[in-house]
Amino acid sequence: MESEPLSRKIFTVCKTLVRKLVFRVLRTGPMPSHIAVIMDGNRRYAKRNRLNEGAGHDAGAMALFYLINYCYELGIKYITAYAFSTDNFRRKPQEVGKIMSLLRESIALLTKITKNQPVRVHFAGNLELLSAELRDGARKLMEATAEYSKIVVTICVCYCCSDEILHSVEQSCLQKYYKHSYVRDSHDDENGERDVITLVDIEKHMYMAVTPDPDILIRTAHEHRLSNFLQWQTSYCQLASLPVDFPELNSWQLTWVILDFQRSYKYLARKKLQR
Amino acid sequence: MDFSRKKRMLRFWTDKIGNILLRMSWHLLHAIIYLCYFTTGMVHALESHLISRGLLRRYKSLHISKINYLAIVIESEDACRTSNVIQLLQWVVALGINHICLYDNEGILKKSKDLILDKFDGAILFQDTHEDNILLDQPCMTLEFVSFSDGKEAVARAANVLLMKYIKSGATGSNQGEQIFTDSQMSEALKTVGSGGPEPDLILIYGPARCHLGFPAWRMRYTEIQHMGPLKSMEYGSLIKAIYRFTTVRQNYGK
């Protein structure tokens, strides 16, 4: 009976060593600097394993922490996760409550982790839709970690890309409006021309403006759509669809995705440069 | 001194050999990946051949009515292969899909639009239709040609349209934090600048990588995306398989 835990320990150590070796080999080639992930399949995972729905989301959160750790080992600086969409508010109130509670616990855990690790945490989305407690917790964590740059974790919550585009257009309009009002009032603009909104103005007001565009976007549960996640930022991004539910995402699937990215790297890099 | 020099030399050669071994391992991993893709490619080619011949019963009846609007993204370097593009469109039309959007990043297809339209009797250019909701009811074929300038740059132009309207509305700009534009206003503004169009149900990507190459972000929120490989390797069977796969998908739209 005592040998079982020992053999399991040895197996875990060997598995970790093999993983670190494979990661070291991977790093010989071009590596993505930003990975985004759609955490799909938590409920399906719970149903298949005869767990309650909440347990599926707990397993998903654990898988996300493992993923962040793997990305840290691989030297990937930016990780973005689609935790909660504005569309998800249409789910059952108990499920929404569970996800909010999980978010509260994650903020508390990340606050502890970031006291000793230089991890910047950013929350992207319309945070006004969160409760005041969650919103304040998220903002405090963002402020406390704003100076860190070794690794940047972005949690997209109350996020939709179409909402992000609209928000960015609104902010750009308001900025130009105020500038136009100032110029009109002070009569400084001799030509009387109005400043136009450019693509640069729109991009600087995006929720995701703190990170570069993703190199890889992973969606689990064998789905092949973006579901209103980062379609603006993924013009030249490798889209990967994995046939496993998110809680089952492991280092081997991540390795496969990165190898796939390395195969297409020259093509995607050329496309980005052309733009 | 001699010992520390020997230690440095040892370290140098250890690192060098280590790097060579890592490089060789990396190439070995990629060779394995290449073999895996080659094998699956052979299997897909065989499956595609069987589907084209109608030998796989499952693909014989497609619920084409589920696809109201199909988008095809083509890598710009392949977009000049007009004969391949026309062949692909003929396959799509033969399956019963009449409303198609063709996208390539650099607008090469826009330059060939007259040549492509000539090959299809009665086909009309999307921009010639006035209302989006009438478009999908048209019995004849409609073709839309889209490029990168209809994506992000169009959003910037639409933002200027909204800015003009906002200024003309006499707003004071004091409603900080409140939403001042709606989704439908944004869609209208995009139509005004000539980049409005329905959201496709399915996007087929013909290119070396699974990447949408800047397809208009406002129009692909819940669109299914299928990667079909390079245009020169396109197969009729793969097209049917992609459409069949789409017709079996069930979306929750976040619920």
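That block above? That's the structure.
Let us look at the structure shown here. In this text, all values refer to a predicted model and were calculated from it rather than measured experimentally. (Residues numbered from 1 in each chain as written. Chains lettered and ligands numbered in written order. Predicted model: local features only at pLDDT ≥ 70, side-chain atom pairs only at ≥ 80, totals over all residues. Heavy atoms only, no water.)

## Some remarks on the side chain of N84(B)
Next, step 1: Turning to its location among the elements, N84(B) is positioned in helix α3 (residues 82-94).
Next, step 2: Look at N84(B) and you get buried, because its relative accessible area is 19%. (Helix = DSSP H or I, 4+ residues; strand = E, 2+ residues; numbered from the N terminus. Buried < 20%, exposed > 50% of the residue type's maximum accessible area, 1.4 Å probe, protein only.)

## Some thoughts on the packing of aromatic side chains
Next, step 1: As enumerated under the stated definition, the model contains 17 aromatic pairs over all chains in all.
Next, step 2: A ring pair is formed by Y82(A) and F229(A), whose centres lie 4.3 Å apart and whose planes are at 10°; its orientation type is stacked. Taken together, the residues Y82(A) in strand β2 (residues 78-85) and F229(A) in the loop between β5 (216-219) and β6 (238-241) connect sequence positions 147 residues apart. For the pair shown, Y82(A) and F229(A) are each scored as buried.
Next, step 3: On the basis of an interplanar angle of 70° and a centroid distance of 4.9 Å, the ring pair of Y59(B) and Y244(B) is categorised as edge-to-face. Taken as a pair, Y59(B) in the loop between α1 (2-52) and β1 (70-74) and Y244(B) in helix α9 (residues 236-247) lie far apart in primary sequence, 185 residues in all. Taken individually, Y59(B) and Y244(B) each receive the classification buried, so the pair is uniform in this respect.
Next, step 4: Seen from the ring of W26(B), R23(B) lies directly overhead, with NZ or CZ sitting 5.0 Å from the centre.
Next, step 5: Taking NZ or CZ as reference, R221(B) lies 4.8 Å from the ring centre of W218(B), over its face. (Phe/Tyr/Trp six-rings, centres within 6.5 Å; stacked < 30°, edge-to-face > 60°. Lys NZ or Arg CZ within 6 Å of the ring centre and 35° of its normal.)

## Quick word on the interface of chain B and chain A
Frequently, the measure chosen for interface size is the accessible area that the parts lose on association.
Next, step 1: Taken together, the contacts link 61 residues of chain B with 59 residues of chain A.
Next, step 2: Summed over both sides, the interface of chain B with chain A buries roughly 5600 Å², with 60% coming from carbon and sulfur.
Next, step 3: For the pair chain B and chain A, the interface holds four salt bridges.
Next, step 4: Residue E77(B) is joined to R270(A) by a salt bridge in which the shortest nitrogen-to-oxygen separation is 2.7 Å.
Next, step 5: At the junction of chain B with chain A, the criterion picks out 26 residue pairs in polar contact (both at pLDDT 80 or more).
Next, step 6: Elements that contribute at least two residues to the side of chain B that touches chain A include exactly α1, α7 (152-168), α8 (183-192) and β6 (224-229) of chain B.
Next, step 7: It is α7(B) that contributes the most residues to the side of chain B that touches chain A, 11 residues altogether. (Contact = heavy atoms within 4.5 Å. Buried area = accessible area lost by both parts, 1.4 Å probe. Salt bridge = Lys/Arg side-chain N within 4 Å of Asp/Glu carboxyl O. Polar contact = N/O pair within 3.5 Å; in protein donor to acceptor, adjacent residues only side chain to side chain.)

## Remarks on a nonpolar patch on the surface
Next, step 1: Together, M9(B), F12(B), W13(B), I17(B), I20(B), L21(B) and M24(B) give the surface a local cluster of nonpolar side chains, amounting to about 740 Å² of exposed area.
Next, step 2: On the basis of relative accessibility, which here comes to 49%, the residue I17(B) falls in the partly exposed class. (Patch = residues over 30% accessible without salt bridge, like charges linked within 9 Å, V, L, I, M, F, W, Y side chains within 5 Å. Areas by Shrake-Rupley, 256 points an atom, 1.4 Å probe, with all protein chains shown as cover.)

## So, helix α8 (residues 251-274) of chain A
All names here are of chain A.
Next, step 1: Between its first and last C-alpha atoms α8 spans 33 Å; for 24 residues at 1.5 Å apiece the expected length is 34 Å, and the two agree.
Next, step 2: Of all the bends in α8, the greatest measures close to 55° and is centred on S264.
Next, step 3: Its side-chain oxygen 3.0 Å from the backbone nitrogen of W252, N250 forms the N-cap of α8. (Expected span 1.5 Å × (residues − 1). Bend = angle between axes of the 7 residues up to and from the residue.)

## Considerations on the pairing of strand β4 (residues 142-146) of chain B
Residue and element names in this part refer to chain B.
Next, step 1: Taking burial as the measure, the five residues of β4 include five buried ones, the bulk of the element.
Next, step 2: Judged by which residues are buried, β4 turns out to be covered on both faces: T142, E144 and V146 on one side and L143 and F145 on the other are all buried.
Next, step 3: Two strands pair when backbone bridges link them, and strand β2 (residues 99-103) and β4 are joined in this way by five bridges, in the parallel orientation. What sits directly across from Y103, in β4, is V146.
Next, step 4: Direction of pairing for strand β3 (residues 124-125) relative to β4: parallel, over a ladder of two bridges. Paired with L125 across the strands is L143, a residue of β4. (Pairing = 2+ DSSP bridges.)

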